Amino acid sequence: MTIRANFSGELNELKVQIKEFASVVDDALKKAVECLYQKDVERAQTIIDNDVKLDEKELEINEKAILLIAKQQPLAKDLRRLIIALRISSDLERMADHAVNIAKATIRLGQDHPLTIHTEISAMAEQARDMVSLAIKAFEHEDISLARKLAEMDDKVDKMYNQFTQKLLTETASNPQYIQHIMQMSFSARFIERYADHCTNIGENIFYLVKGEAYDLNV
Amino acid sequence: MVNLTQLRENNSNIEVATKENVFEVSNLNLWYGEDQALYDINMNMGKNEITAIIGPSGCGKSTFIKTLNRMVELVPSVKTSGTIKYKDSNIFDPKFAVEDLRTQVGMVFQKPNPFPKSIYDNVAYGAKIHGIKKKKDLDIIVEKSLRDAAIWDEVKDRLKENAYSLSGGQQQRLCIARCLAIEPDVILMDEPTSALDPISTLKLEELVQNLKEKYSIVIVTHNMQQAARVSDKTAFFLNGEIVEFSNTDVLFSNPEDKRTEDYITGRFG
């Protein structure tokens, strides 16, 4: 008989739950960016309405992890697995909030605004979505070499964001009448940039899990 | 990417004073007849520190702790090699007085083993043997020892009662008081809470931590959380060898050896 087979099974279940959570969070960002481009206010509202379900997923993961800490009194790597489950679920929840923020920006922009949404936003979103899938792969395989790549990818997102905001700044000068609209685009880019930061946080957690030490990938 | 743990360690310039050791064990091997039970044990136990010894049954941890006061020699076929220095003298030296060693290195066992005498006489026993006769002096020793063992308030009105009238947890603290009465330097504890209920266990753990101020303690325990809670350093024994010996915080959070990780997370043992 494998010792602690039940506990190992429960840790695996938790892993599966986190993967599923990440997948719905990723889906929320994908849809939010689509709505932004398609000026689809109604669908944007469904993303906002759906967020409560994602909050519940975070709670479920937290409750399960806390219960396992209480019941199993884990040590060393087992304990770190549960600690990072708590942290990652909280990062994912914040990421879902950023998708909601983009949906709100879509609603604020409305259906009739005259602006074309710049391709930079979808390019940033794509990069951020690649980061989530990489972060979850690193989490699944407890692979720090994958986690390390998140730092480079995040640098790229930061760079894209900085260049984009510069561009928008110039536009506000030439089109001051659209400043409110341009601000919403700038905010959306900012939400994606923050979303990517949370992906690097997940990478830091993988380092903590494997090495037992704290790393900062956001520098 | 920055390693924050390393950064913090580099930044903390706290000078660590060289700790005084009570025991320095070098290349200790031990055999029961032909069977070797301990292999090349090397470890130091610090003064006013709690050293925990963990490991699966039969790994040699009880044998090791009983070697520290040479009680293991009560088994006739025991042979040892290597040295154990207690305050700079090798305890295996033929000139070394084993009686003195056992006065200075007290022991508390798995099951409470009070003498079939009154609570008072249990504690006064050692002092009497060491020549203290005056009632007044004995009273002082008994009260002080019972206070230090955190049981005085529970027994002060019933000192003449038989020790067996106490609960298991109280009996164990009485045994600690009996051990303290002869003013030892080191206290060896061999699974001292394995026969106690959870509350008595926690009381005893708290007591052990308080005792650290005056004594050095070596504790063998099967309870991983107990070792993590009470000790400063932990040694993990396996098949008569030390697999890992390090600061308790490190050993239970980020052990170096895979076997330690597997044992403390319950993957074998």
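Right, let's walk through the structure included here. (Residues numbered from 1 in each chain as written. Chains lettered and ligands numbered in written order. Predicted model: local features only at pLDDT ≥ 70, side-chain atom pairs only at ≥ 80, totals over all residues. Heavy atoms only, no water.)

### Digging into the packing of aromatic side chains
Residue and element names in this part refer to chain B. What counts is decided by this rule: Pairs were defined over the aromatic rings of Phe, Tyr and Trp, the Trp ring being its six-membered one, requiring ring centres within 6.5 Å. Orientation was assigned from the angle between planes: stacked under 30 degrees, edge-to-face over 60, tilted for the rest. Runs of H or I in DSSP of at least four residues are treated as helices and runs of E of at least two as strands, each being numbered from the N terminus. The buried label goes to any residue with under 20% of its type's maximum accessible area, the exposed label to any with over 50%, and the partly exposed label to all in between, with areas taken from a 1.4 Å probe on protein chains only. Definition used: whenever NZ (Lys) or CZ (Arg) falls within 6 Å of the ring centre and also within 35 degrees of the ring normal, the charge is taken to sit over that ring.
This structure, assessed with the given rule, holds five aromatic pairs over all chains. Relative to Y86, the ring of F23 has its centre 5.3 Å away and its plane inclined at 40°; by these criteria the two rings are tilted. Taken together, the positions of F23 in strand 2 (residues 21-32) and Y86 in strand 5 (residues 78-86) put the pair 63 residues apart, joining distant regions of the chain. Under the relative-accessibility criterion, F23 is labelled buried at 0%. For Y86, a relative accessible area of 4% puts it in the buried group. Both rings, one in F64 and one in F237, keep their centres 5.3 Å apart while their planes meet at 45°; by these two values the pair is tilted. Note that F64 is positioned in helix 2 (residues 61-67) and F237 in strand 10 (residues 233-238), a separation of 173 residues in sequence. There is no split in this pair, since F64 and F237 are both buried. It is K79 that lies over the ring of W31; its NZ or CZ is 5.6 Å from the centre.

### Focus on the interface of chain B and chain A
By a frequent convention, interface size equals the accessible area lost on bringing the separate parts together. Definition in use: Only heavy atoms enter the contact rule, under which two residues are in contact if any of them lie within 4.5 Å. Defined in terms of a 1.4 Å probe, buried area is the accessible area two parts forfeit on being brought together, summed over both. By definition, a salt bridge exists where a carboxyl oxygen of Asp or Glu is found within 4 Å of a side-chain nitrogen of Lys or Arg.
Across the contact, 19 residues belong to chain B and 21 residues belong to chain A. Together, the buried faces of chain B and chain A total about 1700 Å²; carbon and sulfur atoms form 50% of this surface. Its largest share of buried area at the contact with chain A, chain B owes to M1, Q225 and R267 of chain B, together 36% of the area lost on that side. Between R267 of chain B and D78 of chain A there is a salt bridge whose closest N-O contact spans 2.7 Å.

### Concerning the packing of helix 1 (residues 5-38) of chain A against helix 2 (residues 41-72) of chain A
Between two packed helices, what matters for the description is the angle formed by their axes and the separation of those axes. Residues and elements named next belong to chain A. Quick reminder of the rule: A fitted line through C-alpha atoms represents every axis, and for helices the fit uses only the stretch in contact; the resulting angles, taken between N-to-C directions, go from 0 to 180 degrees. Each angle is binned into one of four classes, with values under 35 degrees roughly parallel, values over 145 roughly antiparallel, values of 65 to 115 roughly perpendicular, and all other values oblique. Two helices crossing with the near one rotated counterclockwise from the far one by less than a right angle form a left-handed crossing, whereas a clockwise rotation gives a right-handed crossing. For this classification, the nonpolar set comprises Ala, Val, Leu, Ile, Met, Phe, Trp, Tyr, Cys and Pro, the charged set comprises Asp, Glu, Lys and Arg, and every other residue, Gly included, is treated as polar.
Contact pair helix 1 / helix 2: the axes reach a minimum separation of 10 Å and the direction vectors enclose 165°. Between helix 1 and helix 2, the angle is such that the two are roughly antiparallel. When you trace helix 1 past helix 2, the crossing you get is left-handed. Tallied by class, residues from the contact of helix 1 with helix 2 come to 15 nonpolar, three polar and 10 charged.

### As for the pairing of strand 4 (residues 50-54) of chain B
Residues and elements named next belong to chain B. Rules: Strands qualify as paired when DSSP identifies two bridges or more between them.
Within strand 4, five of the five residues are buried, which leaves the element mostly enclosed by the surrounding structure. Burial of strand 4 is two-sided: the residues I50, A52 and I54 facing one way and the residues T51 and I53 facing the other way are all buried. Judged from the four bridges that link them, strand 4 and strand 9 (residues 216-220) form a sheet pairing that is parallel. Note that in strand 9 the partner of T51 across the bridge is V218. By the bridge criterion, four bridges tie strand 4 to strand 10 in an arrangement that is parallel.

### Looking at helix 8 (residues 198-211) of chain B
Along an α-helix, residues three or four positions apart point the same way, because every turn accommodates 3.6 residues. All names here are of chain B. Our working rule: Here the expected length of a helix is defined as 1.5 Å per residue gap, with one fewer gap than residues. Regarding the arc, it is the one traced by the directions from the helix axis to the C-beta atoms. Distance and chemistry together define a polar contact, namely a pair of N or O atoms within 3.5 Å, with one atom able to donate a hydrogen and the other to accept it when in protein, and with adjacent residues in sequence counting only for side-chain atoms on both sides.
Look at helix 8: 20 Å from first C-alpha to last across 14 residues, which is about the 20 Å you get at 1.5 Å a residue. Residues of helix 8 that are buried: S200, T201, L204, E205, L207, V208 and L211. The buried residues of helix 8 all sit within an arc of 160° when viewed along its axis, so they share a single face. The outward face of helix 8, more than 90 degrees from its buried face, is lined by the exposed residues P198, I199 and E206. Tucked into the core, helix 8 has its buried residues touching strand 4, helix 5 (135-148), helix 7 (168-180), strand 8 (186-190), strand 9 and helix 9 (224-230). For helix 8, the N-terminal capping position is held by D197, with its side-chain oxygen 2.9 Å away from the main-chain nitrogen of I199.

### Re the environment of E60 of chain A
Residues and elements named next belong to chain A. Position of E60 among the secondary structure elements: in helix 2. Of the residues examined, E60 reaches a relative accessible area of 42% and is grouped as partly exposed. Distance from E60 to D130, taken between C-alpha atoms, is 26 Å for residues 70 residues apart in sequence.

### Here's the deal with the sheet that holds strand 9 of chain B
Strand-to-strand pairing in sheets goes through backbone hydrogen bonds, with the strands running parallel or antiparallel. Residues and elements named next belong to chain B. Reading across the sheet, the six strands line up as 7-8-9-4-10-11 and stay open at both edges, with mixed pairing between neighbours. Pairing within the sheet leaves two strands with one partner each, and these edge strands are strand 7 (105-108) and strand 11 (241-247). Pairwise comparison of adjacent strand axes, ignoring direction, gives a mean angle of 15° for this sheet. Where strand 8 and strand 9 come together, five bridges link them in parallel fashion. Pairing of D190 across the sheet is with V220, part of strand 9. Docked against the sheet, helix 7 engages strand 7 and strand 8, running at close to 170° with respect to strand 7.

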